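Given next are the chains, with one letter for each unit.
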Amino acid sequence: MFYLCFSPPKICPHPIFPFAPFPQLAFIMTFAAGLLDAVTLLSFTDAASTHMSGKVLKTGIYAVKGDADKWILNTGMWVCFILGAIVSGACTATPERKTPKTAARVASLVGVLMIIVGVLLGAEVYEAIYLAGFTAGIQNALTT
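Parameters at a glance
- Residues numbered from 1 in each chain as written.
- Predicted model: local features only at pLDDT ≥ 70, side-chain atom pairs only at ≥ 80, totals over all residues.
- Heavy atoms only, no water.
- Helix = DSSP H or I, 4+ residues; strand = E, 2+ residues; numbered from the N terminus.
- Buried < 20%, exposed > 50% of the residue type's maximum accessible area, 1.4 Å probe, protein only.
- Contact = heavy atoms within 4.5 Å.
- Areas by Shrake-Rupley, 256 points an atom, 1.4 Å probe, with all protein chains shown as cover.
- Patch = residues over 30% accessible without salt bridge, like charges linked within 9 Å, V, L, I, M, F, W, Y side chains within 5 Å.
- Salt bridge = Lys/Arg side-chain N within 4 Å of Asp/Glu carboxyl O.
- pLDDT = per-residue confidence, 0-100.

Visitor: Please explain the overall build of the protein chain as it appears in this structure.
Guide: Along its length, the protein chain carries five helices and two strands. Ordered by position from the N terminus, the helices and strands of the protein chain form the series β-β-α-α-α-α-α. Counting over 144 residues, the protein chain shows a buried share of 36%. Taking contacts inside the protein chain between residues at least 6 apart in sequence as the whole, the part at least 24 apart equals 54%. Split by element, the accessible area of the protein chain, about 8,200 Å² in all, is 74% carbon and sulfur.

Laid out in structure tokens, this is it:
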């Protein structure tokens with residue numbers, strides 16, 4: 001059986017992620033990122049957690065404008081995103097750990113964290129957006 005390797009993309013004989021479910025996994029992860037932004041964050045704040053290039057840009061704009069509250073919010077979001085990516089990278093740092101089983105465990109963690117974020121934001125605990133940023137970082141770094 002052959003598998004898809006990601007660096008560089010090619011067909012290879014050792015398992016990293018099976019080729020067949022990759023489109024479904026990509027769809028699920030994209031849907032989860034959109035859900036995390038649209039439902040849990042954008043409806044409660046003017047912040048998104050999954051698209052960091054815009055977040056870093058807004059951080060600079062708010063720093064220049066002197067808007068400390070929005071600067072703290074945006075800086076906290078992308079710092080938490082990076083921390084989540086570091087955690088995800090640590091879970092899948094070697095080929096031995098980059099397995100479908102590990103991916104399933106990390107993806108399950110993302111699901112649990114998304115539920116927690118939703119519950120906290122529903123209870124008007126707006127600091128949960130930092131947990132959402134962390135969660136988005138875990139999810140985005142999972143396949144890299």
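From this point on, the discussion continues.
Visitor: I keep staring at a nonpolar patch on the surface and nothing clicks. Help me out?
Guide: On the surface, Val79, Ile82, Leu83 and Ile86 cluster together into a nonpolar patch covering about 340 Å² of accessible area. By the element assignment, Leu83 lies in helix α3 (residues 68-91). By relative accessible area, which is 45% here, Leu83 ends up partly exposed.

Visitor: Looking at this structure, how should I read the environment of Ala128?
Guide: Inspection of the secondary structure puts Ala128 in helix α5 (residues 128-141). Residues Ala128 and Gly118 lie ten residues apart in sequence; the distance between their C-alpha atoms is 8.3 Å. Excluding residues that lie within four positions of it along the chain, Ala128 makes contacts with Val117, Leu120 and Leu121.

Visitor: What is the right way to read the confidence of the model for the protein chain from this model?
Guide: Interpretation of this model should avoid reading the predicted coordinates in detail wherever pLDDT is low. Taken residue by residue, the protein chain gives an average pLDDT of 75. The fraction at 70 or more is 65%. Ignoring residues within four places in sequence, the model shows residues 1-14, a span with pLDDT below 50, making 26 contacts including any to other chains. In this model, residues 16-20 is a region of pLDDT below 50 whose contacts with residues beyond four sequence positions or in other chains number 19 contacts.

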